[in-house]
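Understanding the architecture of this molecule
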Amino acid sequence: MNRQSVTNIMIVGVGGQGTLLTSRVIARVATKMGYDVKVSEVHGMAQRGGSVVSQVRFGGKVYSPIIKKGDADVVLAFEKLEAGRWLGYLKQGGLLIINDERVDPLPVMSGETRYPDDIAERLARLVPRTVVVDATGMARSCGSARAANIVLVGLLTRAMALPAELVAEAIQEMVPAKVLDINLRAFETGLEYGTNCRLKVNLA
Amino acid sequence: MKKLMIGNEAIARGAYEAGATVGAAYPGTPSTEIMEFFKEYEGVYAEWAPNEKVALEVGCGASLGGARTLVAMKHVGVNVAADPLYTFSYTGVNGGLVLVSADDPGMHSSQNEQDNRGYGKFAKLPVLEPADSQEAKDFVALAFSLSEEFDTPVMVRVTTRLAHSQSMVEEGERREIPLKPYVKDAAKYVMLPGHARLRHVEVEKRMAALRRYVEESPLNRVEWGSRETGVITSGVSYQYVKEVMPEVSVLKLGIVNPLPEKLIRDFAGQVKRVVVVEELEPVIEEQLRAWGIAVQGKDVLPRTGEYSPELLEERLLGRKAAEAYALDAAIPPRPPLMCPGCPHRGVFYTLNRMKLTVCGDIGCYTLGALKPLAAMDTTICMGASIGTALGMEKARGAEWARKAVAVIGDSTFVHSGITPLIDVVYNQGMSTVIILDNETTAMTGHQNHPATGLTLNNTDTVRLDLESVCRAVGVKRVRTVDPLNLKELENALQEELAAREPSVIIARRPCALIPGAGLGEKSYYVDTVACKGCKLCIKLGCTGVYWIEEEKLARINPDLCVGCGLCLQVCKLDAILEGEGKE
Ligand SMILES: Cc1ncc(C[n+]2csc(CCOP(=O)(O)OP(=O)(O)O)c2C)c(N)n1
């Protein structure tokens, strides 16, 4: 990672999926690495099942707390449809990580529109560097589907070559004690998956 | 040591370091976390007030009593607090008072996007506007000094993007500020016309002194770059300008009321083109035009919504942000919705079925306006439901009231629903009011309020008894039902709508997100043989039940379902069963 330029990570999902914790863990890691960091979060109404996005930017000096369209190095989507919604923020050659999870939005539930069933496949065809992962399933086998966010942190750690010990440290500092074990297992699972799918991201 | 903080935490920290000892607020996105952080500090008193007017009045009293005082609210909260604010501007302070107004350009979680910098001009207050968390902390601390030096309440105006963005903050030590002596001074604190006339003269003198101060204040600064373009900006817009136009000259205003005329004229005189970059209203721009300075502003930038780096790039530099990948597919919108197990769902499902006109209010339950429940006709501001229902009844006649209700949350009822209920009784309306009592302020993240019996610090206090309040104001028909029991709820509604007098139905069930709400114990599944695909359960609009188009059947998602049992009650074929089932 070039220490001067700014790295942009966009974390998108459905309110209640735990995107906020993920962005805070990554931001904490970037702080530990000595970067200037800004994070933009969504609180309030959208957290009730709406489309949510949190944005982490770190580098030598960061001005804007929000990422420009076409400028995200990574879009990390907790849900497939949301990957499609925020795709415009991904930069050319950027990395798209999609949790293979489907959550129907209201207009789909009420039958007004249809969920584009093949959206993950279409995104994978369009974006050369796409990873589709069943983080929710992996988290469930670690003890709780709710730890999917930390599985994704593990995957991202490998993908971005972040120092895993610092990430583990940040998780320990930020996750409530009674679910820490599950989350550390989820982190290991994500790391392992990230190693096996041999991602290399050059964030220059 | 430097620490990452959201703007709201930095504001609380700034007040703490400046020696504030009293804080009062009513929750409201994006301001809520300010008081939640402030209460954590040692040596402070912090409270949730029932509404913003009371919060500011408590603030006035604490300030006159000699303490440095922090008051925080969202932008529309300042409307509620406007009455004391305008006159507190006349009395001035004793201990410094800082009012934080958290505005919401783009309306992430609000019913309007008013620009509260306008209050600075009308109420004659200095208004400070920080651009990141460090400034939020520093500006709040300085605001306390300004408040005491110039004998005025000071507004610190932030926006969602500042309140909820994290950036680095250097923490400092707390300064212990001794309580100032209280000296009785009726001419200053009792705003009889005769006193107020004299105070108004003082206010104008203060504004003149502030106009001199802002010329020299370190909060307003010039960053020279190319003299082709000079940008005048404040708040988070400053960050967007630096991001996309690093080469231009910038006049960064940390104080947006009053504006530094000489500084601005000097700056404008040294650049070829002046551009004002400010979200929402042209507050700075109009002042510049009044001074005869030629500027670009709202002719190229929008007056609505939130700004972004790509917006500035497009409008000011004529470059359209490059989308690297474009997916050729329609992405269905994802509006927020009620959670699985939400007690409000039972109410709105029933209101929809009974085809009633529903005067609504503000809270999680406003989501009942969205399809498929679509059972809300109006939402204006907090507390408006009851008065609106009465007004409709008075306009359209008594028969109308038999097909109409007002719905209002528990926190909202305490905030501003009691006075309109008095009006219903006093003016002999027949309205039926449903208080949606989920025993918390859910929308803003589960804050306590008087009817929860708990304070901001989660300590026990006297619980405001909603039934007693309704009876005390003269409502004779007051009853309490379980909103997840659809039959009971519908019966209650039928009876109360038929009654030719005011009635209140309290629909009581804790919010499904509160630990110990009693949900999550049962699980349900769809008997795929019995299910005929009628979609009645789907019409509840619950993410726990979903539709499989290929099979024309409903399914329950065990990860999301919390076992509230509503779908079981609406299913006419007994196709939803208790237990694990086998998918
Ligand atoms: C004047 C004002 N203050 C604060 C808010 C922010 N706000 C919106 S709804 C709400 C209260 C919600 O609580 P409640 O009425 O109990 O309904 P719930 O969300 O729990 O369903 C608040 C504080 C606002 N919109 N207007």
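Everything quoted here is computed from the prediction, not taken from an experiment. (Residues numbered from 1 in each chain as written. Chains lettered and ligands numbered in written order. Predicted model: local features only at pLDDT ≥ 70, side-chain atom pairs only at ≥ 80, totals over all residues. Heavy atoms only, no water.)

**Some words on the overall build of chain A**
What chain A contains, in helices and strands, is 8 helices and 6 strands. For chain A, the succession of helices and strands along the chain, N to C, is β-α-β-β-β-α-β-α-α-β-α-α-α-α. Against the globule reference of 17 Å for 204 residues, chain A gives a C-alpha radius of gyration of 16 Å, in line with a compact fold. Dimensions of chain A, computed from the C-alpha atoms along their principal axes, are close to 50 × 40 × 35 Å. Here chain A holds 204 residues, and the buried ones make up 63% of them. Sequence-distant contacts, at least 24 apart, represent 66% of the contacts inside chain A between residues at least 6 apart. (Helix = DSSP H or I, 4+ residues; strand = E, 2+ residues; numbered from the N terminus. Rg over C-alpha atoms; globule rule 2.2 N^0.38 Å. Buried < 20%, exposed > 50% of the residue type's maximum accessible area, 1.4 Å probe, protein only. Contact = heavy atoms within 4.5 Å.)

**With respect to the sheet that holds strand β6 (residues 130-133) of chain A**
What the 8 strands build is an open sheet, ordered β6(A)-β5(A)-β4(A)-β1(A)-β3(A)-β2(A)-β8(B)-β1(B); its pairing is mixed. Of all strands in the sheet, those with a lone pairing partner are β6 of chain A together with β1 (2-6) of chain B, marking the two edges. The average angle at which neighbouring strand axes cross in this sheet is 20°, direction not considered. The pairing of strand β5 (residues 90-99) of chain A with β6 of chain A spans 4 bridges and is parallel. (Pairing = 2+ DSSP bridges. Axes fitted to C-alpha atoms, helices over the stretch in contact; angles between N-to-C directions.)

**Some remarks on the packing of aromatic side chains**
Evaluated as defined, the whole model comprises 6 aromatic pairs over all chains. Both rings, one in Y35 of chain A and one in F58 of chain A, keep their centres 5.1 Å apart while their planes meet at 50°; by these two values the pair is tilted. Here the residue Y35 of chain A occupies a position in the loop between α1 (19-32) and β2 (36-40), and F58 of chain A occupies one in strand β3 (residues 51-59), the gap between them amounting to 23 residues. One exposure class covers both Y35 of chain A and F58 of chain A, and it is buried. Positioned above the aromatic ring of Y115 of chain A, the side-chain terminus of R102 of chain A is 4.2 Å from the ring centre. Cation over ring: R227 of chain B sits above W224 of chain B, and NZ or CZ is 3.7 Å from the ring centre. (Phe/Tyr/Trp six-rings, centres within 6.5 Å; stacked < 30°, edge-to-face > 60°. Lys NZ or Arg CZ within 6 Å of the ring centre and 35° of its normal.)

**Re the environment of E165 of chain A**
All names here are of chain A. In this fold, E165 is placed in helix α7 (residues 164-174). Owing to a relative accessible area of 56%, E165 belongs among the exposed residues under this scheme. Along the chain, E165 and L152 lie 13 residues apart, while their C-alpha atoms are 16 Å from each other.

**Remarks on the sheet that holds strand β13 (residues 273-277) of chain B**
Residues and elements named next belong to chain B. Strand order in the open sheet formed by 4 strands is β9-β11-β10-β13, with mixed pairing between adjacent strands. Both edges of this open sheet fall to β9 (221-223) and β13, since each of them pairs with a single strand only. Ignoring strand direction, the axes of neighbouring strands in this sheet form an average angle of 20°. Contacts from helix α11 (residues 237-244) reach β9, β10 (226-233), β11 (248-252) and β13 within the one sheet, and its direction differs from that of β11 by about 170°.

**Re the site of the ligand**
Residue and element names in this part refer to chain B. The immediate surroundings of the ligand are formed by 26 residues, with E52, H344, D410, T412 and A442 found nearest. At 2.7 Å from an oxygen atom of the ligand is found a side-chain nitrogen or oxygen belonging to H344. The separation between an oxygen atom of the ligand and a polar side-chain atom of N438 is 2.9 Å. Protein chains bury 98% of the 580 Å² of accessible surface belonging to the ligand in isolation. (Near = heavy atom within 4 Å. Polar contact = N/O pair within 3.5 Å; in protein donor to acceptor, adjacent residues only side chain to side chain. Areas by Shrake-Rupley, 256 points an atom, 1.4 Å probe, with all protein chains shown as cover.)

**Here's the deal with the state of the cysteines**
Residues and elements named next belong to chain B. This structure, assessed with the given rule, holds 0 disulfides over all chains. With no disulfide of its own, C359 lies 12 Å from the sulfur of C381, the closest cysteine sulfur. Among the residues examined, C359 registers a relative accessible area of 1% and is labelled buried. Left unpaired, C511 is separated from the closest cysteine sulfur, that of C339, by 6.4 Å. (Disulfide = S-S within 2.5 Å.)

**Here's the deal with the nonpolar core**
Residues and elements named next belong to chain B. Within the largest apolar cluster, 72 residues are counted, with the highest numbers of intra-cluster contacts made by F348 and L351. Ranked by the residues each element gives to this core, the list is headed by helix α20 (residues 486-498), at 5 residues. Taken together, domain 3 (343-508) and domain 4 (524-578) each give at least three residues to this core, which thus spans both. Those residues in contact with F348 that sit more than four places away from it in its chain are M338, Y365, G368, L373, A375, M376, V407 and L436. In this structure, Y41, V214, V250 and L312 belong to the second largest nonpolar core, which totals 61 residues. (Core = buried A, V, L, I, M, F, W, Y, C linked by side-chain atoms within 4.5 Å. Domains from an automatic or database assignment.)

**With respect to the interface of chain B and chain A**
Opposite the 62 residues of chain B that make contact, chain A presents 65 residues. Carbon and sulfur atoms make up 60% of the surface buried where chain B meets chain A, a total of about 5100 Å² over both sides. One can count 7 salt bridges joining chain B with chain A. A salt bridge links K68 of chain A to E313 of chain B; its shortest N-O distance comes to 2.8 Å. (Buried area = accessible area lost by both parts, 1.4 Å probe. Salt bridge = Lys/Arg side-chain N within 4 Å of Asp/Glu carboxyl O.)

**So, the environment of T452 of chain B**
Residue and element names in this part refer to chain B. Secondary-structure assignment places T452 in the loop between β16 (432-437) and α19 (466-472). Along the chain, T452 and D465 lie 13 residues apart, while their C-alpha atoms are 9.0 Å from each other. Once you skip the residues sitting within four places of it in the chain, T452 turns out to touch E439, T440 and R463.

**A short note on the side chain of E135 of chain B**
All names here are of chain B. Here E135 shows up in helix α7 (residues 133-150). E135 sits in the buried class, given a relative accessible area of 12%. Within polar-contact distance, the side chain of E135 engages the backbone nitrogen of A131 at 2.8 Å. When residues no more than four places from it in sequence are discounted, the contact partners of E135 are P130, V140, R221 and K252.

**Overview of the domain arrangement of chain B**
Assigned domains of chain B: these are domain 1 (2-216), domain 2 (220-317), domain 3 (343-508) and domain 4 (524-578). The gap between the C-alpha centroids of domain 1 of chain B and domain 4 of chain B is 50 Å.

**What about the pattern of salt bridges?**
Residues and elements named next belong to chain B. Tallying each qualifying case throughout the model produces 59 salt bridges over all chains. D115 is paired through a salt bridge with R157; the nearest N and O atoms lie 3.3 Å apart. Here R157 lies in strand β7 (residues 154-159) and D115 lies in the loop between β5 (97-103) and α6 (117-123), a separation of 42 residues in the sequence. Take D115 and R157: they sit in the same class, and that class is buried. Connected via shared salt-bridge partners are K3, E9, R13, E17, K137 and E171.

**Here we look at α7 of chain B**
Residue and element names in this part refer to chain B. Taking 1.5 Å per residue, 18 residues should reach 26 Å; α7 reaches 25 Å between its end C-alpha atoms and fits that length. Restricting attention to buried positions, one finds in α7 the residues S133, Q134, E135, A136, K137, F139, V140, A143, F144, L146, S147 and F150. N-capping of α7 is provided by D132, with a side-chain oxygen placed 3.2 Å from the backbone N of Q134. Positive phi appears at D151, one or two residues downstream of α7, with a value of about 55°. (Expected span 1.5 Å × (residues − 1).)

**So, helix α13 (residues 283-290) of chain B**
All names here are of chain B. Looking only at α13, the buried set comprises I284, E285 and L288. Axial view of α13: buried residues confined to an arc of 100°, hence all on one face. Turned more than 90 degrees off the buried face of α13, the exposed positions are E286 and A290. Positive backbone phi, approximately 80°, marks G292, located one or two places after α13. (Arc of directions from axis to C-beta.)

**Examining the pairing of strand β4 (residues 69-74) of chain B**
Residues and elements named next belong to chain B. In terms of residue burial, β4 counts as a mostly covered element, since 6 of its 6 residues are buried. Along β4, one buried face is formed by T69, V71 and M73 and the opposite face, lined by L70, A72 and K74, is buried too. The sheet contact formed by strand β2 (residues 22-25) and β4 spans 4 bridges and is parallel. For V22, the partnering residue across the bridge sits in β4 and is T69. Direction of pairing for β4 relative to β5: parallel, over a ladder of 6 bridges. Its bridge partner being in β5, K74 is matched across the sheet by A102.

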